[in-house]
Amino acid sequence: MATRWGICSAGKISHDFAVALKTLPTADHQIVAVAARKVEDAQEFATKHNASRSYGSYEELARDPDVDVVYIGVIHPHHLKTCLLFTNAKKNILCEKPLAMNTKEVKEILDSAKRNNVFLMEAVWTRFFPASEEIRRLLAQGEVGEVKMVRSEFAVPLMHVPRAVQKELGGGAMLDVGIYCLQFTSMVYNGEKPESIQASGVCFESGVDETVVVTLKYPGGRLAVFTCSAGVQLPNEAIIAGTKGIIKVPYPMWCPTSLEVNGQESQYSLPEPGMPLNFINSTGMRYEAEEVRQCLLKGLKESTIMSHTDSLLLAEVEDEIRRQVGVVYSQDCQ
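Cut-offs and rules
Residues numbered from 1 in each chain as written. Predicted model: local features only at pLDDT ≥ 70, side-chain atom pairs only at ≥ 80, totals over all residues. Heavy atoms only, no water. UniProt positions renumbered as here; feature names shortened; annotations may be inferred. Buried < 20%, exposed > 50% of the residue type's maximum accessible area, 1.4 Å probe, protein only. Helix = DSSP H or I, 4+ residues; strand = E, 2+ residues; numbered from the N terminus. Pairing = 2+ DSSP bridges. Domains from an automatic or database assignment. Contact = heavy atoms within 4.5 Å. Buried area = accessible area lost by both parts, 1.4 Å probe. Salt bridge = Lys/Arg side-chain N within 4 Å of Asp/Glu carboxyl O. Polar contact = N/O pair within 3.5 Å; in protein donor to acceptor, adjacent residues only side chain to side chain. Axes fitted to C-alpha atoms, helices over the stretch in contact; angles between N-to-C directions. Parallel < 35°, antiparallel > 145°, perpendicular 65-115°, else oblique. Nonpolar A, V, L, I, M, F, W, Y, C, P; charged D, E, K, R; others polar.

Per an unreviewed UniProt entry, the protein chain goes by the name Trans-1,2-dihydrobenzene-1,2-diol dehydrogenase and belongs to Oryzias melastigma. The Sequence similarities (unreviewed entry) field of the UniProt record for the protein chain holds the comment "Belongs to the Gfo/Idh/MocA family."

Here it is in structure tokens:
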């Protein structure tokens, strides 16, 4: 039986996710329905991606009995209420990152998923790339010895993108691009909690973070440093340095297609998209989709690679970073 997907929101990221699904066998993955706030947008999306049903409200999608799992691609301030709509309708969920605006909201979503006995995963797509799988394998084998330092950066000028700079749209570098550096660090250090967090940053006039530099200290004298920015361009690479060597993740570190292990390079190519994409390497979203399918087939309610505990840790560290930089969303005051 194919996993039957419902797509919630007909925006840019949902388009790319639909294109990525098309690179997987149709016997395994099908888009059966799409919902948008305007029915015309849903109809246009459905035509483009061969979905049989289009809805002008998310509630209608939640009531569709033929949907196994919903991909949520709405902007992050809407994640909480959208996730709750679908968990309460007993739908499995793959929700775009960040899972929510803060720890309180993340807990609410996770509690609702557990209460309704549905699968839920934060769509940290990077974790499921073949290159990321290889990193985990190399680290488990001790290929670079004991890891002492993780360094990463993700910085792109996004001043022209309203959702990246406007507070009410959930703007800010940390939640948009910094999350990739944080999740990378967390993956390398096996989901351990840092014992200290030091963040320094500058904000846009709107009050959200433009550029942030973070130092994380872990037990046993291990460190991580990352820079994220919505104001400048950086090389956007990552490095894992151990006592016996180094793993370099070349650009683009958030959707990697190559690795350098002690100078030896290997390539991990992605399938070509069937139609133009909005973002680089988006066909790589196929790997998180397949992870969802495998989890559902096994009757799991969360993924071991991107677990509920992993999502909670990301939110807790993000909250502390924002606190130090002085970024407060309306969701933090509720």
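K.L.:
Which residues make up the pairing of strand β1 (residues 3–8), and what values go with them?
P.N.:
The element β1 is extensively covered by neighbouring structure, given that 5 of its 6 residues are classed as buried. Both β1 and strand β2 (residues 29–35) contribute to a ladder of 6 bridges, which runs parallel. Residue G6 lies in a different strand from β2, and its bridge partner there is A33. Strand direction decides the pairing type here: β1 and strand β4 (residues 69–72), joined by 4 bridges, are parallel. Within β4, the position partnered with W5 by the bridge is V69.

K.L.:
An account of the domain arrangement of the protein chain is needed here, citing residue identities and associated values.
P.N.:
For the protein chain, the domain assignment lists domain 1 (3–125) and domain 2 (130–267 + 307–329). Placing the centre of domain 1 and that of domain 2 at their C-alpha centroids yields a distance of 26 Å. With 17 residues of domain 1 in contact, the opposing surface of domain 2 contributes 20 residues. Summed over both partners, the interface of domain 1 with domain 2 comes to about 1,700 Å²; 65% of that surface belongs to carbon and sulfur atoms. Across the domain 1-domain 2 interface, the total number found is 0 salt bridges.

K.L.:
How would you sum up the side chain of T23? Please name residues and give values.
P.N.:
Mapped onto the elements, T23 comes out in the loop between α1 (12–21) and β2. One polar contact links the side chain of T23 to the main-chain carbonyl oxygen of A20, over a distance of 2.6 Å. In this structure, T23 is in contact with P271, E272, T283 and R286, ignoring residues within four places of it in sequence.

K.L.:
Quick one: what's the story with the packing of helix α4 (residues 79–88) against helix α5 (residues 103–115), residue by residue and with numbers?
P.N.:
Relative orientation of the contacting elements α4 and α5 amounts to 5°, with a least axis distance of 9 Å. By the angle between their directions, the pair α4 and α5 is classed as roughly parallel. When α4 is examined against α5, the residues H79, L80, C83, L84, T87 and N88 are found in contact with a partner set consisting of E105, E108, I109, S112 and A113. Within the contact of α4 with α5, the residues separate by chemical class into 5 nonpolar, 4 polar and 2 charged.

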